[in-house]
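What follows is each chain in one-letter form.
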Amino acid sequence: MASSSTASISQTAPLDPPTNAQPLAEHSPLLASYNQWIRTLIDTIDRLRNMRIVTRPIQLPKIVVVGAPSSGKSSVLDSLAGGIGLLRSEAISTRVPVFINLENRRGLESKFSLLVEEGAVLTKEEDVTEMIFLAGLGIEELSLVVKKAGVPDLTMVDFPGISEDGVDGERLRNKIMEHISQEESIILCVVSANDDFLTSKAFRMCRDVDPGMKRSILVVTKVDVIPDDLLVKLITDIDGSPYVLVRNRLGDESYAECRDQERMLLRTHRVLSTVHKFKKGIRCLAQNVVRIQGAIISKSIEKILNQINEAISLNMPTSNRPLQTGLKQLLGLAKESLIDIISGRESDGSQDENKAKARFAEMTDQCKDELRSKCEQIDVEQDFLEEMIKMLSEAEAKKASLKVSGVDYAFFKILDKKLDKIFPLLVDFVSKYCHCVTDAVKYVLMMHIADPELQSAAMKAAENTIARMKEQSVARLREAVEIERTVHITLNDAYQEIWDDFSEGKTVFLQTLKDTTLFSDEAELAFDLARRVISYWAIVRGRLVDNVAVNMVSAVKKLVVWEMECEILNKVSTEINANLSG
């Protein structure tokens, strides 16, 4: 709970009643970036697979971690996953390859199970490391299935440390090479800051299979335990490789405590505070992993589109192949025009196309301004003071049954109401943005496709694709709002600034409360509540508004670049074949 002198939103209690609320420590750093970027790409693959043209399976990216013994490999994976019990004792290390399958179970009880020869063995999070150690005796590999809220659907592979040069060491290196050589593997090469990464066997193996380090990240652990001069030398040496500096969990630290300590270290350390923010911290590592995931999945989608075009060409009668080829060329031109209009990029388009570009920019800017204006109105509600006093009185009446303080209860209730008010505004923005996209699509299809029947079929396919994009966008938006109801945290410096600004007006605020029925101590509580609500809501509102705008731009880009052409070609091919068979 926020005290009267220090702004702290990450320590607030869960919403009352705390049925399915998840504490911050259970939410993976990968999750936010994963939902924002990767989820939309996987939705595209699922949609393309459902078209039943592509029969070959698509291998989704997995994370493979390699490094020397005790370099912190398991700790890195545990931190990325949001704390899943992989690190409990330094005396226990990974003995066999462990394949970790993460499954998001939002709102459900967490489940941990080891897959061994006898079948699945359920275990508790606190016992995961010991169970892996015991189960790993005498077998070649293990699978751990983690079903938990706050993790992405993802596979991670934790290999034992590379050290031995004998038969066992050679067998392990061959197994590692088998996995890191696969194009869909994201390689985390973990090196302790105490070691020379240039002589690291793991680093040399990464360079052998990925010379350009396009899908590899050098993760430097234990950066808080070496002298400053050696740390400066290390950073200079690794500057030519993609790297991230992280801090490992120590002793009995909880996941949340470790992340707090890492943030403090990276901000205050004489050397680490000067390192670029995109090269330090677990959150940064998660963003880099997601970036590589997106690049790998995008390549898979391109392969699928090529397969679809090949399938359409093979299934279409010879007499109609020129039509199909011509349609592909027309759709290529339409896609380029649509990209110009939606992105606003400079081009040598016609006067009509430039008008369409200006029209789209004007309409979408109007949508954004309208959303921003309506959301800001929630900040300045006239009845805020009355609502706040009402909630404090309600909390006082229920205090015997409450599991949180009165101020916490009122804070969560007010936040919940504000989220109820902003959600329909965000959905309305999605609807209006999709309408703008529909208008732009209609324009380019009419401009590039003259044949009425082809034009009609193409428009129907495009409308279906846009409707699906809208449905998926609203679903992601609903999930984002639900997360805001149960997870209360911000790393945004603006929170402290708003908190401090509001604190300076304490005297005026308390003067405003003189005519109310609150006693002096209740007035102090009201001030604390108002400060927390105003400071945090400004962050939440900005976060939701920014996210919905970014997600819509990302979804439209995906629609234009990948989905729409594929959908139109498939529908036109289906209609032509249906007409021929009829």
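Cut-offs used in this document
Residues numbered from 1 in each chain as written. Predicted model: local features only at pLDDT ≥ 70, side-chain atom pairs only at ≥ 80, totals over all residues. Heavy atoms only, no water. Core = buried A, V, L, I, M, F, W, Y, C linked by side-chain atoms within 4.5 Å. Buried < 20%, exposed > 50% of the residue type's maximum accessible area, 1.4 Å probe, protein only. Helix = DSSP H or I, 4+ residues; strand = E, 2+ residues; numbered from the N terminus. Disulfide = S-S within 2.5 Å. Axes fitted to C-alpha atoms, helices over the stretch in contact; angles between N-to-C directions. Parallel < 35°, antiparallel > 145°, perpendicular 65-115°, else oblique. Left-handed = near helix turned anticlockwise from the far one by under 90°. Nonpolar A, V, L, I, M, F, W, Y, C, P; charged D, E, K, R; others polar. Lys, Arg positive; Asp, Glu negative; His and termini not counted. Salt bridge = Lys/Arg side-chain N within 4 Å of Asp/Glu carboxyl O. Polar contact = N/O pair within 3.5 Å; in protein donor to acceptor, adjacent residues only side chain to side chain. Phe/Tyr/Trp six-rings, centres within 6.5 Å; stacked < 30°, edge-to-face > 60°. Lys NZ or Arg CZ within 6 Å of the ring centre and 35° of its normal. pLDDT = per-residue confidence, 0-100. Contact = heavy atoms within 4.5 Å. Arc of directions from axis to C-beta. Pairing = 2+ DSSP bridges. Right-handed = clockwise from strand over helix to strand, strands pointing away.

Asker: What should I look at first to understand the nonpolar core in this one?
Answerer: Burial of nonpolar side chains together is a common tendency in soluble globular proteins. Counting 68 residues, the largest nonpolar core has Leu419, Ile422, Leu426, Val441, Leu445, Met469 and Leu529 as its most contacted members. Judged by nonpolar contacts, the second largest core, of 34 residues, contains Phe159, Ile176, Leu231 and Leu266.

Asker: Would you mind showing me how to read unusual backbone geometry here?
Answerer: Trans is the common state for peptide bonds, and a negative phi is the common state for residues other than glycine. Backbone geometry at serine 70 places phi at a positive 60 degrees, although glycine is not the residue there. Tracing the chain through its elements places serine 70 in the loop between β1 (62–67) and α2 (73–80). Take serine 70: its relative accessible area is 58%, and that puts it in the exposed class. Of note in the backbone geometry, methionine 213 takes a positive phi value of approximately 55 degrees without being a glycine. Structurally, methionine 213 is set in the loop between α5 (201–209) and β8 (216–221). The exposure class of methionine 213 is buried, given its relative accessible area of 7%.

Asker: Got a minute to help me understand the state of the cysteines in this structure?
Answerer: As used in these notes, a disulfide is a covalent bond between sulfur atoms, one from each of two cysteines. For the structure shown, the criterion picks out zero disulfides. We note that cysteine 434 lacks a disulfide partner, and the nearest cysteine sulfur, in cysteine 436, lies 9.1 Å from it. Overall, the relative accessible area of 4% leaves cysteine 434 in the buried class. Its sulfur unpaired, cysteine 436 is 4.1 Å from the next cysteine sulfur, which belongs to cysteine 367. On the accessibility criterion, cysteine 436 (3% relative accessible area) is buried.

Asker: Teacher, can you tell me more about the packing of helix α12 (residues 406–448) against helix α13 (residues 452–486) here?
Answerer: Axes are the key here: two packed helices are described by the angle between their axes and the distance separating the axes. Packing of α12 against α13 brings their axes to within 10 Å, and their N-to-C directions diverge by 160 degrees. By the angle between their directions, the pair α12 and α13 is classed as roughly antiparallel. Where α12 crosses over α13, the two elements pack in a sense that is right-handed. Classifying every residue of the contact of α12 with α13 gives 19 nonpolar, four polar and eight charged.

Asker: How do you make sense of the side chain of lysine 280 when you look at a structure like this?
Answerer: As for its placement among the helices and strands, lysine 280 is situated in the loop between α7 (255–268) and α8 (282–315). Of the buried charged residues, lysine 280 lacks a salt bridge, with glutamate 262 as the closest side chain of opposite charge at 10 Å. Within polar-contact distance, the side chain of lysine 280 engages the backbone oxygen of leucine 272 at 2.9 Å. Here valine 275 takes part through its backbone oxygen, which lies 3.1 Å from a polar atom of the side chain of lysine 280.

Asker: Would you explain the packing of aromatic side chains in this entry?
Answerer: Where two aromatic rings form a pair, the distance of their centres and the angle of their planes describe that pair. Inspection of the entire model under this criterion finds seven aromatic pairs. Plain terms: the ring middles of phenylalanine 360 and tyrosine 433 are 6.3 Å apart, the flat faces sit at 80 degrees to each other, and that makes the pair edge-to-face. Taken together, the residues span a long stretch of sequence, with phenylalanine 360 in helix α10 (residues 351–379) and tyrosine 433 in helix α12 at a distance of 73 residues. Taking the relative accessible area as the measure of exposure, phenylalanine 360 reaches 4% and is therefore buried. Their ring planes at 45 degrees and their centres at 6.0 Å tell us that tyrosine 495 and tryptophan 499 sit as a pair that is tilted. Separated by four residues within a single helix, tyrosine 495 and tryptophan 499 lie in helix α14 (residues 493–504), roughly one turn from each other. The burial state of tyrosine 495 is the same as that of tryptophan 499; both residues are buried. Members of the aromatic cluster, connected to one another through ring pairs, are Phe411, Phe412, Tyr495, Trp499 and Tyr536. Taking the ring centre of phenylalanine 411 as reference, the NZ or CZ of arginine 532 above it sits at 4.6 Å.

Asker: How should I be thinking about the confidence of the model for the chain in this particular structure?
Answerer: Regions with low pLDDT carry predicted coordinates that are not meant to be interpreted in detail. Averaged over all residues, the pLDDT of the chain is 75; the fraction at 70 or higher stands at 70%. Within the model, pLDDT remains below 50 along residues 88–92, and this stretch shows seven contacts once partners closer than five positions in the same chain are excluded. Low confidence marks residues 315–323, where pLDDT is under 50. Its contacts with residues over four positions away, or in another chain, come to 14 contacts.

Asker: Would you mind going over helix α6 (residues 228–237) with me for this structure?
Answerer: A turn of α-helix holds 3.6 residues, and therefore any two residues three or four places apart point the same way. Considered for burial, the residues of α6 that qualify are Leu231, Leu234 and Ile235. All buried residues of α6 fall inside an arc of 95 degrees around its axis, so they share one side. Facing away from the buried side of α6, by more than 90 degrees, are the exposed residues Asp229, Lys233 and Thr236.

Asker: Where do I start with the environment of methionine 564 in this structure?
Answerer: Looking at where methionine 564 falls in the secondary structure, it is placed in helix α16 (residues 520–581). Residue classification places methionine 564 among the buried positions, given a relative accessible area of 7%. Each C-alpha atom of the pair methionine 564 and glutamate 463 lies 9.2 Å from the other, and the pair is 101 residues apart in sequence. Among all residues touching methionine 564, those that are not within four sequence positions of it are Leu338, Val441, Ala462, Thr465 and Leu559.

Asker: Explain the pattern of salt bridges here, please?
Answerer: Pairs may arise between side chains of opposite charge once their charged atoms sit close together. All told, the structure shown has 17 salt bridges when counted by the stated rule. The partner of glutamate 484 in a salt bridge is arginine 543, and the shortest N-O contact between them spans 2.8 Å. Of this pair, glutamate 484 sits in helix α13 while arginine 543 sits in helix α16, and the two are 59 residues apart along the sequence. With relative accessibility at 7%, the residue glutamate 484 sits in the buried group. The class of arginine 543 is partly exposed, set by a relative accessible area of 24%.

Asker: Explain the pairing of strand β7 (residues 185–192) to me, please; I cannot follow it from the model alone.
Answerer: Each regular strand displays side chains that alternate between the two surfaces of the sheet. The buried fraction of β7 is high, at eight of eight residues. Every second residue of β7 is oriented toward a common face, with Ser185, Ile187, Cys189 and Val191 on one face and Ile186, Leu188, Val190 and Ser192 on the other, all of them buried. Pairing of β1 with β7, which is carried by six bridges, proceeds in the parallel orientation. Note that in β7 the partner of valine 64 across the bridge is isoleucine 187. Here β7 runs beside β8; their pairing, made up of six bridges, is parallel. Paired with valine 190 across the bridge in β8 is valine 219. You can see the chain leave β7, run along α5 and come back into β8, and the turn it takes is right-handed.

Asker: Sorry, what's going on with the pairing of strand β2 (residues 98–104) here?
Answerer: Of the strand pairs in this sheet, β2 and strand β5 (residues 142–148) are connected by seven bridges, and their pairing is parallel. From the neighbouring strand, asparagine 101 faces β5, where its bridge partner is valine 145. Alignment of β2 against strand β6 (residues 154–158), held across five bridges, turns out to be antiparallel. Considered in β6, the bridge of valine 98 is made with aspartate 158.

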